[in-house]
Amino acid sequence: MEIKKVGVVGCGIMGGGIAQVAAQAGFEVVASEINETLLKKGLGGIESNLKRNVEKGRMKPEEMAAIMGRIKGTLTTKDFGDCDLVIEAAVENMELKKKIFADLDQVTPKHTILASNTSSMSIIDMAMATKRPDKVLGIHFFNPVPVMRLIEIVRTIATSDETIAAGQAFAKALGKTTVLAKDTAGFIVNRILSSLMATAVRMYENGVASKEDIDTAVQLGLNHPMGPLALADLVGIDTCVAIIDTLYNEFKDPQYIVPPGMRDMVTAGYLGRKTGKGFYDYSKQ
Ligand code: CAA
């Protein structure tokens, strides 16, 4: 099945990135948000990302204009009515995601593939909120979406071969490499990342080393581009907690118990870069 028009539900860090790379690859894109302020913020983020490319001479101003021209912002899911693929990139809340999938099932044509960008949640739970579970899969991007080269394609027990092939072809058209994972909590990357991150936070809480030294150790000793605490700030502490909780709920493995200090950070609104404070302070950047 040929995908021409792509819908993205949610225009936050991930949804905005997905809308951007899809439009850059030549797809028509509809990006939705729940209110005008968030929509403006999301589209503004895409624009400033593209502007950086123009300023660095990697993109012509007219290319940027063409890419922005392919992205239509909306506040209503009715505008997904002619999309061939819709990717849900809302917050990590299963009840909300089920509602979104049930709604998308109503407003999109029968052929439309419905995907979730969830980091860790059960795709089959979302699929069963629709009457087309064979056309539902996980298409999981990484942050920052324009930079990260991987997409996890997640197959449930109900996803058809055609849907998987269409998801893989879409990812390839974006210039990304795919891996195929079963629909288990955290798929591949977040199952590994969560234990690394939770271990690093526990070590910090136990005073094994400073946060800077833990991050430097992983950066220089393991050659990761950034340490796990800085990465938690990039991903969002609330998102990290939601992912680690999902893993614990599924596997009951103590390595996936959320370190208590991380939960406190969520309560306090220290969510990382997006709120200006997480493990590190970003208020002056
Ligand atoms: N959007 C678009 N482009 C961005 C970007 C963003 N948010 N952040 C950085 N970039 C680009 C910059 O344009 C820059 O390129 P130029 O200098 O040529 O313009 C390039 O990336 C490098 O950026 P910087 O020089 O500012 O900084 P850096 O070299 O330290 O790289 C980084 C920044 C790309 C974020 C790098 O540190 C990195 O790869 N970190 C690890 C990221 C990672 O592990 N992501 C996965 C998170 S887990 C996840 O996403 C899964 C989940 O479900 C939660």
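As shown above, the structure is provided for reference.
Please read all numbers here as calculations on a predicted model, not as lab measurements.

Attention shifts here to the overall build of the protein. Helix and strand counts for the protein stand at 11 helices and eight strands. Over its C-alpha atoms the protein spans a radius of gyration of 19 Å, differing by no more than 12% from the 19 Å that the globule rule assigns to 285 residues. On the principal axes, the C-alpha backbone points of the protein span a range of 55 × 45 × 35 Å. For the protein, buried positions account for 47% of its 285 residues. A total accessible area of about 13800 Å² is found for the protein, and carbon and sulfur atoms account for 55% of it. Of the charged side chains in the protein, 33 are positive and 33 negative, and the gap between their average positions amounts to 2 Å.

With that out of the way, let us pick up the pattern of salt bridges. Close approach of charged atoms allows side chains with opposite charge to pair. All chains considered together, the criterion is met by 10 salt bridges. As a salt-bridge pair, Lys97 and Glu92 come within 2.9 Å of each other at their nearest N and O atoms. Residue Lys98 pairs with Glu95 through a salt bridge whose shortest N-O separation is 3.9 Å. Residue Lys98 and its partner Glu95 are both found in helix H4 (residues 94-107); the two are separated by three residues, about one turn of the helix. With relative accessibility at 29%, the residue Lys98 sits in the partly exposed group. Here Glu95 falls in the exposed class, since its relative accessible area comes to 53%. Several salt bridges share partner residues, and in doing so they unite Glu88, Glu92 and Lys97 into one network.

To continue, consider the pairing of strand E7 (residues 150-155). Two elements, strand E6 (residues 136-140) and E7, share three bridges in a ladder whose sense is antiparallel. Counted as the bridge partner of Ile139 is Ile153 from E7. Here E7 pairs with strand E8 (residues 177-182) via six bridges, running parallel. Bridge pairing in E8 places Arg155 opposite Lys182. Handedness of the crossover joining E7 and E8 through helix H6 (residues 161-173) is recorded here as right-handed.

Running from amino to carboxyl end, helix H9 (residues 228-235) crosses helix H10 (residues 237-251) at an angle of 100°, the nearest separation of the two axes being 6 Å. In terms of axis orientation, H9 runs roughly perpendicular to H10. In contact with Ala232, Asp233 and Val235 of H9, H10 contributes Ile237, Thr239 and Cys240. When its residues are assigned to classes, the contact of H9 with H10 shows four nonpolar, one polar and one charged.

Let us now look at the sheet that holds E7. Paired through their backbone hydrogen bonds, the strands of a sheet run either parallel or antiparallel. With mixed pairing, the eight strands of this open sheet are ordered in space as E3-E2-E1-E4-E5-E6-E7-E8. At either end of the open sheet lies a strand with only one pairing partner, and these are strand E3 (71-74) and E8. Across the sheet, the axes of successive neighbouring strands diverge by a mean angle of 25°, strand direction being ignored. On the sheet, H4 packs against strand E1 (5-9), strand E4 (85-88), strand E5 (113-116) and E6 and is oriented at approximately 165° with respect to E5.

Next up on the list: the nonpolar core. Counting residues in each nonpolar core, the largest one holds 36 residues, and the members touching the most others are Leu85, Ile139, Phe141 and Phe170. Among the elements that make up this core, the one with the highest residue count is helix H1 (residues 13-24) (six residues). Of all hydrophobic cores here, the second largest spans 25 residues; its members include Ala198, Ile214, Cys240 and Ile243.

Structurally, Arg132 can be placed in the loop between helix H5 (123-127) and E6. Here Asp105 takes part through its side chain, which lies 2.7 Å from a polar atom of the side chain of Arg132. A distance of 3.0 Å separates a polar atom in the side chain of Arg132 from a polar atom in the side chain of Thr108. Residues in contact with Arg132, not counting those within four places in the same chain, are Leu104, Asp105, Thr108, Pro109, Lys110, Thr112 and Leu114.

Calculation criteria
- Residues numbered from 1 in each chain as written.
- Predicted model: local features only at pLDDT ≥ 70, side-chain atom pairs only at ≥ 80, totals over all residues.
- Heavy atoms only, no water.
- Helix = DSSP H or I, 4+ residues; strand = E, 2+ residues; numbered from the N terminus.
- Rg over C-alpha atoms; globule rule 2.2 N^0.38 Å.
- Buried < 20%, exposed > 50% of the residue type's maximum accessible area, 1.4 Å probe, protein only.
- Areas by Shrake-Rupley, 256 points an atom, 1.4 Å probe, with all protein chains shown as cover.
- Lys, Arg positive; Asp, Glu negative; His and termini not counted.
- Charge placed at Lys NZ, Arg CZ, Asp CG, Glu CD.
- Salt bridge = Lys/Arg side-chain N within 4 Å of Asp/Glu carboxyl O.
- Pairing = 2+ DSSP bridges.
- Right-handed = clockwise from strand over helix to strand, strands pointing away.
- Axes fitted to C-alpha atoms, helices over the stretch in contact; angles between N-to-C directions.
- Parallel < 35°, antiparallel > 145°, perpendicular 65-115°, else oblique.
- Contact = heavy atoms within 4.5 Å.
- Nonpolar A, V, L, I, M, F, W, Y, C, P; charged D, E, K, R; others polar.
- Core = buried A, V, L, I, M, F, W, Y, C linked by side-chain atoms within 4.5 Å.
- Polar contact = N/O pair within 3.5 Å; in protein donor to acceptor, adjacent residues only side chain to side chain.

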